[in-house]
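Fold and geometry: a report
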Amino acid sequence: MGERGRVTQTLPDIIGDRNIDVIYSCGPMAMLAAITEITSGTDVIHQCAVEESMACGIGICMTCVLPVKNQDGSTSMLRSCIDGPVMDGSDVQWDMVGHLPEASL
Ligand code: FES
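Before going into details, it helps to say that this report is about the structure given with it. (Residues numbered from 1 in each chain as written. Predicted model: local features only at pLDDT ≥ 70, side-chain atom pairs only at ≥ 80, totals over all residues. Heavy atoms only, no water.)

**Topic: the sheet that holds strand 5 (residues 86-88)**
Taken in spatial order, the 3 strands make up an open sheet running 1-2-5, and their pairing is mixed. Strand pairing shows two members of the sheet lacking a second neighbour, strand 1 (22-26) and strand 5, which therefore form its edges. Put simply, the sheet's adjacent strands are angled 25° from each other on average, direction ignored. Judged from the 3 bridges that link them, strand 2 (residues 45-49) and strand 5 form a sheet pairing that is antiparallel. Within strand 5, the position partnered with Ala49 by the bridge is Val86. (Pairing = 2+ DSSP bridges. Helix = DSSP H or I, 4+ residues; strand = E, 2+ residues; numbered from the N terminus. Axes fitted to C-alpha atoms, helices over the stretch in contact; angles between N-to-C directions.)

**Structural notes on the nonpolar core**
If you look at the biggest cluster of nonpolar residues, it comprises 9 residues: Met29, Leu32, Cys48, Val50, Leu66, Val68, Met87, Val92 and Trp94. Secondary structure elements with two or more residues in this core: helix 2 (29-39) and strand 3 (65-69). Leu11, Ile15, Ile23 and Ile35 belong to the second-largest nonpolar core, a separate cluster that totals 5 residues. (Core = buried A, V, L, I, M, F, W, Y, C linked by side-chain atoms within 4.5 Å. Buried < 20%, exposed > 50% of the residue type's maximum accessible area, 1.4 Å probe, protein only.)

**Digging into unusual backbone geometry**
A cis amide bond, omega 10°, links Gly84 with the succeeding residue Pro85. Position of Pro85 relative to the elements: it lies in the loop between helix 3 (80-83) and strand 5.

Shown next as structure tokens:
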């Protein structure tokens, strides 16, 4: 639509200029995290199709788990293949992606 560059460069202006309710995204995980950061603190919902590696695709191998925030503040490792792949970006704990959460005792 006439803009060159990363979507994250122009997205704040688009959100500010238009009546945006929901953003649907897919692409690199770093971009999804950046879009979530842009939409945090706004009323805009960010639905993203996560790009986590998937081996089995049917919920058995656990290679596709992502840390997702529960309503009580705890973290669950959800399987992207069967719990997603579309997730609410504000629920994904992007800073923990690729790391194991600390075990709760
Ligand atoms: S790809 Fe195997 S559990 Fe998701």
